[in-house]
Every structure is written in C-alpha cells, then in structure tokens.
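Survey of secondary and tertiary structure
Each chain, written out:
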Amino acid sequence: MNQEKKMVVVTLNGTAYSCPAGTTLGDLMQGHGHGNMPCGGHGKCGKCRVTVKGEVTPPTEDERKALTAEELTEGIRLACRTRVLGNCTVTTAEQSGGQIVTDGEFPSSMKHGALNPFRSGYGAAIDIGTTTLAARLYDREGRIVAGASRLNPQSVWGADVISRMEAAMAGNASKMAAQTRRTLDDMLAELAKTAGVQSRDIGAVTITGNTVMLHLLTETDVEPLTHAPFEAKRLFGETLPASHLDLTRLDPDAPVYLPPCIAAFVGADTVTAILASDIRESPETALLCDIGTNGEMVLWHENTLYACSTAAGPAFEGAGISMGMGGRTGAVDRVWVTDGRIDAHVIGEAAPTGICGSGLVDAVAALLDTEELDETGFLEDDPAVIADPVEITQEDIRAVQLAKSAIHAGMRTLIETAGLSCDEVTTLYIAGGFGSYLDVKNAGKIGLLPEELTDRVTVLGNAALTGAAMLLLCPDLRPACESMARETRIVELATNPVFVSEYMERMMF
C-alpha cells in the first residue's frame, strides 16, 4: 500500500480523526475548526504552532526560520507545513474570546420609539466579524438578558477576507459555512442557558456582518467579489427561515433577518452601525469609522451618505505582527513612557506573551516619543523590546504603516469628496472592538486618525451589533434601512488620485 492510500489516526486536542498519510495538520485543523492560521496556511506568519508527538515529516525551511531549535526539540511545529506519516497526537493553543466587545447603547431616537418585536419569547442579535462573533439576547421589552462571544472559526482559513475568499473558491465554502453555523448554534444555546430559557424560545434573529461574512454564512459564491468590478452576488436585506442556515437550536421556521449591504466591501455591519450612531438624525457633519481588517467608513453631510472601504489588513487585530495576538490574557494592551523608559500593562496582570491592537498603537507612539523610531518608520534597534519578551520588529512597523495610512487616507478622501476639510467635521464616531480600547491621542500621534479630529471622537462600542438589535426589536426600521443602503454614495478608492496621494503621505509618522 503506498503512502498516499494509508490511513492514519491523528488525536487532535483529545479527539481522534482518521485521515490519509501525507495530509498536512493545517488541512486537518481547517476541516475540524481548530487553531488559527492568519496567513491562510502559506507558512508566512508562523502562528499555527502546534505540539506534535508521533510520525510526521521533518521540519521545513519555513519552520526552521519561524521556530527556535529549542521549540523544535520540544515538538513544536507549524501545522501548515507539517504532514502526518503515521499515528500522532497534536495539541493546539486554543484561544478564548478574550476582550470581545458586545456593549453599546441604543440611540435616543430608538429609546423613545415604540417596540414592535418578535411575536413571542426572545430575540437574538448577532454580529459576524472577520475576527470575532458577538451576540445579545433580548426580551420583548428590549432588555438585554444574555450575551455571548466567540472567535470566528473561519480564522483557520486566514485572518482576512481575501484569504477566506481564496479558501472558499478552493473548495472549502461548505466547510466554512458549516463551521460558522455550528458556532452560531452554540452561541444561541449559550444565550438561552444564561437567560434560563429554552433555545426554542428564541423566536427571531438578526445577523449582521460585512458582505463577505454574509456570503460565506449563506454559502453564496464569493468569486465576483475577488476581481473588478467587485460586485456582490447578493446585497441581502433578506429574511430566511432558521432551517436554511442550519440553526438547529431554533424552530425551523424562526425568521432570521440579514440586513442590507451597501456594496461589495461596505457591508451590513456598516449599515447597522449607521443606525446605532444616529448620525442621520442630526444636521451636523459626522464621520463614522469601523477599524478592522477591512476599514469601513461613512461620512454624513447635507443629507447625503458617502461610504468607502480600505483594505487595512489584520495588523490591528493582532495578525500579521510577529508577536501579535488578540485581546486576551497575556497580551500587552497599553504602553506608555515613564522617565524615558517604556512601560506596559498586560491583560490579566499575567506574564506578557504578545501584543494586541491597542497595545501596538501605543507601542508605536511610545517608540516615537523615545525617538527609537523616526518619522520615516525606521526602527533604530530592531527589534525593540516593549515588555520582555514581547518585541516589535521593523517588519511590524511597516505593517502598521500600511494599515494606518489606508485608514487615514480613506477618511480624508471621503472628506475631500464632499468638498470639506477636517475642521468642518463635528464628530468622528469610532465603532467596533478595536476602537473601544484605542487610545485616541496615540492613534492621532501615529497617524491612524487625523490628529485634528482626536478631540471630537465618540466611541460607540459594538455599533454593528447595536444596530442589528434595533432591526430585531423594531422591524419597521427595515424598509428605511434598505433604502438607505441603496442610496448611499460609494466612493471608490483604488484609482482615486486623492486616496493615492493621501496614502503615500500618511505612510510617514
């Protein structure tokens, strides 16, 4: 029997799986929702580390670059580069949800409005983020009775939407949809248990997310999203029965509303964040930005909504950074300078093991203060120690420059498209999990945000989830919401000379 036909048993985190010899551990993990592969399994990020005992292939060159000799001796390997040859035992570093933001308040216009919610029982609002999932359970009076959060299980196919779409087109679309649906099912069960009710008592659900996440959830073809003219197969604004999404914890006919998307890369999460911000209820000019792997932003001016999206990459969510991680125990989340020395805070008051997005912004600002980093992005001592053993490398700095310049340039392009200057923007709303922990002054210092707007920032928390809850509790809002999505003016950035110019200029610190 040749090696390709031989079947072996891999015990992964205590569960035995059968697979053909020659299978990569990364492929096995992807198939069963384990671990995390920010680069999509291309051997570039070095973060799909697992501990292996048994028969596997020798370390590759990629592994020898990413791992120390001591780590290799201890059996630590990169899952995407390790193939099984015989029976073996594999342990992954499973991640908790950490600091996933589920908070956010209804705007004043909602608070005084009449609720007209689901017919009976309870309703759930869910936000499918690229990195995290967040959910709330509401009663018919609009009170939150439970909350839940998870890491997005699709992370084993990559940290960003581009990697996920590539994986879907490579034949993994059904697996990705199934993993997400199972996780949502588990979250619904957790919500019900926390509230002391039966999951069948959840009579309605609203699920928001960016355009790609909703395509992957519904197993809709993402191919048109991967190339010009970047058109979405569906823009949603649809109600489906729970059975169509395999949400088995609910009654099969329970309605699940998927809010409308604006465009290929301006999704339903932006639409629901607009609702939660209430910016359209004011005559003032306001800017709304959700800083994530795909930075989506909206400008409200003289009864017109302008929207755009920028491919910022996952740097601010902990991926693509040498010691980057999510906001969980062991992550450096705040950095400052005391008497010329860099100090840091670690989540959970634990030993530092990595750095999350808010810590990364602070660290770069601190390095600028100590003059270890110059305005061009040159790091004097590479790597720079932030909190031993956590370090920032020159490559990390370049990743921050690319991400922050994309976000900043997108904001200024929207403002200039409307014929305005930053001085005419009354409020900058920051939505999303990363924004909730962001030191706004440091964000201005490094050029992630226009510095002149940092004293006009309002942090909204998880505005996408709050807006989804508004559509859950007040279905009468849905037609106007769908009209708003259709009428929003999209500002294309790829060939926009203002964006190109601003992007290059904002690379500097």
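See the structure printed just above.
Residues numbered from 1 in each chain as written. Predicted model: local features only at pLDDT ≥ 70, side-chain atom pairs only at ≥ 80, totals over all residues. Heavy atoms only, no water.

1. Focus on the packing of helix α9 (residues 394-417) against helix α14 (residues 497-505)
What counts, and what does not: All axes here are fitted lines through C-alpha atoms, helices being fitted over the stretch that makes contact, and every angle between N-to-C directions spans 0 to 180 degrees. The helix and strand labels rest on DSSP assignments: H or I over at least four residues marks a helix, E over at least two residues marks a strand, and numbering proceeds from the N terminus. Oblique is the label for any angle not covered by the other classes, which are roughly parallel (under 35 degrees), roughly antiparallel (over 145) and roughly perpendicular (65 to 115). A clockwise turn of the near helix away from the far one marks a right-handed crossing, whereas an anticlockwise turn of less than a right angle marks a left-handed crossing. The criterion used for residue contact is that any of the two residues' heavy atoms lie within 4.5 Å. All amino acids are sorted into three groups, where Ala, Val, Leu, Ile, Met, Phe, Trp, Tyr, Cys and Pro are nonpolar, Asp, Glu, Lys and Arg are charged, and the leftover types, Gly among them, are polar.
Packing of α9 against α14 leaves a shortest axis separation of 8 Å and a crossing angle of 140°. With respect to each other, α9 and α14 are oriented oblique. Classified by chirality, the crossing of α14 by α9 is right-handed. Contacts from Leu 402, Ser 405, Ala 406, Ala 409, Gly 410, Arg 412, Thr 413 and Glu 416 of α9 reach α14 at Val 498, Phe 499, Glu 502 and Tyr 503. Across the contact of α9 with α14, the residue classes tally to six nonpolar, three polar and three charged.

2. Structural notes on the pairing of strand β14 (residues 304-310)
Selection rule: Accessible area is worked out with a 1.4 Å probe on protein chains only. A residue is then buried under 20% of its type maximum, exposed over 50%, and partly exposed in between. Paired strands, as defined in this entry, are two strands with at least two bridges between them according to DSSP.
Where burial is concerned, most of β14 is hidden: five out of the seven residues are buried. Two strands pair when backbone bridges link them, and strand β13 (residues 295-301) and β14 are joined in this way by seven bridges, in the antiparallel orientation. By the bridge assignment for β14, Val 298 is matched with Ala 307. Pairing analysis gives two bridges linking β14 to strand β22 (residues 489-490), with the strands arranged parallel. When the bridges of β22 are listed, Tyr 306 appears paired with Arg 489.

3. What to know about the environment of Ile 144
Relative to the assigned elements, Ile 144 resides in strand β8 (residues 144-151). Between the C-alpha atoms of Ile 144 and Asp 186, which are 42 residues apart in sequence, the distance is 18 Å. If near-sequence neighbours (up to four positions away) are discounted, Ile 144 is found in contact with Arg 136, Leu 137 and Tyr 138.

4. As for the sheet that holds strand β7 (residues 132-138)
Reading across the sheet, the six strands line up as β8-β7-β6-β9-β11-β10 and stay open at both edges, with mixed pairing between neighbours. Only two strands of the sheet have a single neighbouring strand rather than two, namely β8 and β10 (236-241). Across the sheet, the mean angle from the axis of one strand to that of its neighbour is 15°, orientation sign disregarded. Looking at chain direction, β10 and strand β11 (residues 255-260) are connected through five bridges and run antiparallel.

5. Structural notes on the pattern of salt bridges
The test is simple: Salt bridges are defined by distance alone: a side-chain nitrogen of Lys or Arg within 4 Å of a carboxyl oxygen of Asp or Glu.
Going through the model one piece at a time under the given rule, you end up with 15 salt bridges. Among the ionic pairs, Arg 150 bridges to Glu 190, the shortest N-O distance being 2.6 Å. Note that Arg 150 is positioned in strand β8 and Glu 190 in helix α5 (residues 161-195), a separation of 40 residues in sequence. Given the relative accessible area of 25%, Arg 150 is considered partly exposed. A single network of salt bridges, built from pairs that share partners, joins Glu 502, Glu 505 and Arg 506.

6. Describing the pairing of strand β3 (residues 49-56)
In the sheet, β3 pairs with strand β4 (residues 76-78) via three bridges, with the strands oriented antiparallel. Paired with Thr 51 across the strands is Ile 76, a residue of β4.

7. Regarding empty space enclosed by the protein
Basically, it comes down to this: Detection works on a 1 Å grid of protein atoms alone, calling trapped sets that fit a 1.4 Å probe cavities and calling open sets with protein on both sides within 12 Å along at least five of seven lines pockets, with lining residues defined by an atom within 4 Å of a point. Grid points are joined across faces, edges and corners, and a volume is the space filled by probe spheres set on the points.
For the coordinates displayed, the defined rule picks out one cavity of 30 Å³ or more. When its volume is computed, the largest cavity comes out at roughly 50 Å³. Contributions of two or more residues to the lining of the largest cavity are made by α7 (268-277), β12 (286-290) and β13. Partitioned by chemical class, the residues of the lining of the largest cavity number six nonpolar, one polar and three charged.

8. Things to note about the layout of surface pockets
Volume-wise, the second largest pocket comes out at about 720 Å³. Every residue lining the second largest pocket is counted, 34 residues in all, and those nearest its centre are Phe 230, Phe 265, Ser 309, Ala 311 and Glu 492. Elements with a minimum of two residues in the lining of the second largest pocket: α5, β14 and α14. The element contributing the most residues to the lining of the second largest pocket is α5, with five residues.

9. A short note on the packing of aromatic side chains
Note the threshold: For this analysis, a ring pair means two rings from Phe, Tyr or Trp (six-membered ring only for Trp) whose centres lie within 6.5 Å, classed as stacked if their planes differ by under 30 degrees, edge-to-face if by over 60, and tilted for the remaining angles. As a reminder, the over-ring test applies to NZ of lysine and CZ of arginine, requiring each to be within 6 Å of the ring centre and within 35 degrees of the ring normal.
One pass over the full model with this rule turns up three aromatic pairs. Relative to Phe 434, the ring of Phe 316 has its centre 5.2 Å away and its plane inclined at 15°; by these criteria the two rings are stacked. Separated by 118 residues along the polypeptide, Phe 316 in the loop between β14 and β15 (331-338) and Phe 434 in helix α10 (residues 433-437) bring together distant segments of the chain. As far as burial versus exposure is concerned, Phe 316 and Phe 434 are alike and both buried. Over the ring of Tyr 257 we find Arg 478, and its NZ or CZ is 4.1 Å from the ring centre.

10. A closer look at the environment of Val 145
Along the chain, the position of Val 145 falls in strand β8. A relative accessible area of 31% means that Val 145 is categorised as partly exposed. With 50 residues separating them in the primary sequence, Val 145 and Ala 195 have C-alpha atoms 5.8 Å apart. Sequence-distant contacts of Val 145, defined by excluding residues within four places in its chain, comprise Tyr 122, Leu 137, Tyr 138, Asp 139 and Ala 195.

11. Remarks on the side chain of Thr 285
Inclusion rule: We call two N or O atoms a polar contact when they sit within 3.5 Å, provided that within protein one can donate a hydrogen and the other can accept it, with sequence-adjacent residues counted only if both atoms are side-chain atoms.
Mapped onto the elements of the fold, Thr 285 is located in the loop between α7 and β12. Reaching out from Thr 285, the side chain makes a polar contact with the side chain of His 301 at a distance of 2.8 Å. In this view, Thr 285 contacts Leu 299, Trp 300, His 301, Leu 420, Glu 424, Val 425, Thr 426 and Thr 427; residues no more than four positions away in its chain are not counted.

12. Let's talk about a negative patch on the surface
Counted only if it meets this: For patches, a residue must show more than 30% relative accessible area and have no salt bridge; joins then use 9 Å for like charges and 5 Å for nonpolar side chains, namely Val, Leu, Ile, Met, Phe, Trp and Tyr. Areas reported as accessible are Shrake-Rupley estimates using a 1.4 Å probe. Residue values count occlusion only from the protein chains shown. We count Lys and Arg on the positive side and Asp and Glu on the negative side, and we leave His and both chain ends out. Each charge is placed at NZ for Lys, CZ for Arg, CG for Asp and CD for Glu.
Taken together, the side chains of Asp 374, Glu 375, Glu 380, Asp 381 and Asp 382 present a region of like negative charge at the surface. Mapped onto the fold, Glu 380 is located in the loop between α8 (357-369) and β18 (384-387).

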